[in-house]
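In case you want the letters, here they are:
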Amino acid sequence: MLDRIDLHIDVQAVSAADLILPPPTEGSAEVCARVAAARAIQTDRYRDHPVRTNAEADGALLDVVATPDEAGRKLLAQAAEAMRLTARGYTRILRVARTIADLAGSETVGRIHIAEALSYRRQPPRN
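Not measured: the values here are computed from a predicted model. (Residues numbered from 1 in each chain as written. Predicted model: local features only at pLDDT ≥ 70, side-chain atom pairs only at ≥ 80, totals over all residues. Heavy atoms only, no water.)

Draft legend 1. Region of the structure containing the overall build of the chain. A count of helical and extended segments in the chain gives six helices and zero strands. Written out in order from the N terminus, the α and β elements of the chain read α-α-α-α-α-α. Dimensions along the principal axes, computed over C-alpha positions, put the chain at roughly 50 × 45 × 25 Å. For the chain, the proportion of its 127 residues judged to be buried stands at 31%. Contacts in the chain between residues far apart in sequence, at least 24 positions, make up 64% of those at least 6 positions apart. Surface exposure of the chain reaches about 8700 Å², of which carbon and sulfur atoms provide 57%. (Helix = DSSP H or I, 4+ residues; strand = E, 2+ residues; numbered from the N terminus. Buried < 20%, exposed > 50% of the residue type's maximum accessible area, 1.4 Å probe, protein only. Contact = heavy atoms within 4.5 Å. Areas by Shrake-Rupley, 256 points an atom, 1.4 Å probe, with all protein chains shown as cover.)

Right, here's the structure in full:
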């Protein structure tokens, strides 16, 4: 069941001490601009295909747009074995990594993007 959820993020409660911290360096307007730029990249990338976003890319198309560099491929292969990823889980990691790369303005999917995508996976309990 966890294989069907792309992102798992634990969020801690905000403490009183957190409220006096300086504001984040990236505000909502900056995040919105990065998301809009990533969506524009995806719109352009898939203009000749029946999909609109990385989340919809599959099969050969996903292979073309989200194949990681050699270091990323090795990390993904190691993680697939260690985390016992199914084919669905593996595909979801590639989609999320492609989106992370788009948000970073990167034309290729690198190890850093794979690592971040993997960090959002929740591992099922092991017996």
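Draft legend 2. The arrangement of the pattern of salt bridges in detail. Summed over all chains, the structure comprises seven salt bridges. With a closest N to O distance of 2.7 Å, D102 and R45 form a salt bridge. Taken as a pair, D102 in helix 5 (residues 87-104) and R45 in helix 2 (residues 28-45) lie far apart in primary sequence, 57 residues in all. Three or more residues joined by partner-sharing salt bridges are found here, namely R45, R98 and D102. (Salt bridge = Lys/Arg side-chain N within 4 Å of Asp/Glu carboxyl O.)

Draft legend 3. Main features of unusual backbone geometry. A positive phi angle, close to 50 degrees, is found at R84, a residue other than glycine. Checked against the element boundaries, R84 lands in the loop between helix 4 (70-82) and helix 5.

Draft legend 4. Molecular detail of the confidence of the model for the chain. Confidence in the prediction for the chain averages 89 pLDDT; 91% of positions are at 70 or higher. Highest mean pLDDT in the chain belongs to helix 6 (residues 111-119) (97); lowest belongs to helix 1 (residues 16-19) (82). (pLDDT = per-residue confidence, 0-100.)

Draft legend 5. Seen up close, helix 6. Looking only at helix 6, the buried set comprises H113, I114, A117 and L118. All buried residues of helix 6 lie within an arc of 135 degrees about the axis, which places them on one face of the element. Turning to helix 6, the residues buried within the fold contact helix 4 and helix 5. (Arc of directions from axis to C-beta.)

Draft legend 6. Up close: the nonpolar core. Counting residues in hydrophobic clusters, the biggest one holds 23 residues, and the most contacted among them are L76, I114 and L118. Among the secondary structure elements, those contributing two or more residues to this core are helix 3 (59-66), helix 4, helix 5 and helix 6. The dominant element in this core, judged by the number of residues it contributes, is helix 5, at six residues. (Core = buried A, V, L, I, M, F, W, Y, C linked by side-chain atoms within 4.5 Å.)

Draft legend 7. Layout of the environment of P22. Examined against the element boundaries, P22 turns out to sit in the loop between helix 1 and helix 2. The spacing of P22 and V11 is eleven residues in sequence and 19 Å in space, taken between C-alpha atoms.

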